Structure formats: C-alpha cells, structure tokens
Amino acid sequence: GAVVSQHPSRVICKSGTSVKIECRSLDFQATTMFWYRQFPKKSLMLMATSNEGSKATYEQGVEKDKFLINHASLTLSTLTVTSAHPEDSSFYICSARDVIGLAPEDTQYFGPGTRLTVL
Amino acid sequence: AQKITQTQPGMFVQEKEAVTLDCTYDTSDQSYGLFWYKQPSSGEMIFLIYQGSYDEQNATEGRYSLNFQKARKSANLVISASQLGDSAMYFCAMREEESGGSNYKLTFGKGTLLTVNP
C-alpha cells in the first residue's frame, strides 16, 4: 500500500521558536496532502488542505500565519509551526491522497505523526 | 449535529471472537465515502476499509467487513476472529462531495477504543 513518512517523529522546542515538520509520500505522487492535529484521546481535527503548487486551504479557526504550509512538490509537504507556544503542543499527523493507486481515489494514507512538545 | 457518531467509547472482546464497532453518519449528499481507520498506541493511522455510497455490496478486507445500511445511515465495522494486535483506537470517517467539486476532506468520529483480551 501507499506509504507516507513524517519527520521528525518527536520534537521538543522552546517557546518562541519555529518547528518544521515534513510529510513525504514515498511510493506515490500526492497532489493533495492534509494536515491534522490530534489532542490526547481525541479525534483528528483537520487543519488545512495542501495542494501541490498552490496555497493551502485552512479550516476555520486555524491561523494561517502561525501554521505555514508549503507543498512544493508532488511528494513533499511541510508544516511550520511559527513562534511555538506551549498550547501548540500536540500530535500533528499528515495524510496524502494516492489518486493513481488501486484504492478508491478519495482514500487518505497517513503518516506516523509528529509529537510536538513546546516548553 | 455531528456528522459521524461513534457511540461506543470503549469495547472489549475476547481473542478469536468477532466484534462490531458502530458508526452512524449524517449527510444529505448522494455521493459519499465511508472509511475505517485503526490507530494503535504508536499513533499512526492505518487505513482498513472503504465503502462508497453507491456500492451495493458490503466491503470486505480480510478479517474486516463493513456492514453498510444506507437507509439507516450506518456503517458498522465487523472484525472477525479478533487478535491481540487488534487492540487500538478505531475511527470511522466520511468524505462528502462539496459544491464546486470535491476536495476529499474527511470528517472523523470520536473513535472507539477496542481492547482484545487473551
């Protein structure tokens, strides 16, 4: 099946610094990637939809200047948490659509997630 | 109103037995897709099974089957012959068509924590 990687898996940073998280589709091209946030024991909350070569579409309530998304190629999307604060601590998980593969075209394949802790 | 409802916060099942995880959905779209994902304690989301709204037969993937009852708007996941490794959080999700073209956004339920006992 389609494989999505995320890097780093864990990151601890000081308040006020910026953190970049990478999401890569390893064996397929992904024109669309998605970024989610998940709090402990909660469901996934969609933050934004990232389309290759265009600006990301952010969900209501998500600060686009705080969560910068770049989808520069068909296999890579990045999420940068700018000026991170302790309330940004969370599990961030990306997904990608494999439009050419055998699965239904709207199937999303998820990365392993990144646990961000802001001190 | 919630679009995806999973009424079972937690479920227990004995190893080798079957278990059904409930999922109901709410949509006015004619075309939609329903998904089940498994999230072990490691955090990764694993795609299990898909059911399209126009699919007449229930989807099956190995030990997983989806009991799709369109009139009732339910899409329950059935896991047969449970294994210890099935212990995880299970999420039901729906993709709806949006006006102006689909952007394939998924809406997730709150999840059901399944524990398989030896």
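To keep things clear, this report deals only with the structure shown in the data block. (Residues numbered from 1 in each chain as written. Chains lettered and ligands numbered in written order. Predicted model: local features only at pLDDT ≥ 70, side-chain atom pairs only at ≥ 80, totals over all residues. Heavy atoms only, no water.)

The next thing to look at is the pattern of salt bridges. Residue and element names in this part refer to chain B. Per the stated rule, a full pass over the model turns up 5 salt bridges over all chains. Here Lys3 and Glu96 are joined by a salt bridge, their closest N and O atoms 2.7 Å apart. One end of the pair, Lys3, is in the segment before strand 1 (4–5); the other, Glu96, is in strand 10 (residues 88–96), with 93 residues separating them in the sequence. Look at Lys3 and you get partly exposed, because its relative accessible area is 37%. The buried category is assigned to Glu96, whose relative accessible area is 13%. In this structure, Asp86 and Arg63 form a salt bridge, with 2.8 Å as the shortest nitrogen-oxygen distance. In this pair, Asp86 sits in the loop between strand 9 (74–79) and strand 10 while Arg63 sits in the loop between strand 7 (60–61) and strand 8 (64–69), placing the two residues 23 residues apart along the sequence. We classify Asp86 as buried; its relative accessible area is 2%. (Salt bridge = Lys/Arg side-chain N within 4 Å of Asp/Glu carboxyl O. Helix = DSSP H or I, 4+ residues; strand = E, 2+ residues; numbered from the N terminus. Buried < 20%, exposed > 50% of the residue type's maximum accessible area, 1.4 Å probe, protein only.)

Whether parallel or antiparallel, the strands of a sheet pair through hydrogen bonds between backbone atoms. All names here are of chain A. Taken in spatial order, the 4 strands line up as 1-3-8-7 in an open sheet, and their pairing is antiparallel. One side of each edge strand has no neighbouring strand; the edge strands of this open sheet are strand 1 (4–7) and strand 7 (67–73). Ignoring strand direction, the axes of neighbouring strands in this sheet form an average angle of 15 degrees. Pairing geometry for strand 3 (residues 19–25) and strand 8 (residues 76–81), over 6 bridges, is antiparallel. Looking across to strand 8, one finds that Val19 is bridged to Val81. (Pairing = 2+ DSSP bridges. Axes fitted to C-alpha atoms, helices over the stretch in contact; angles between N-to-C directions.)

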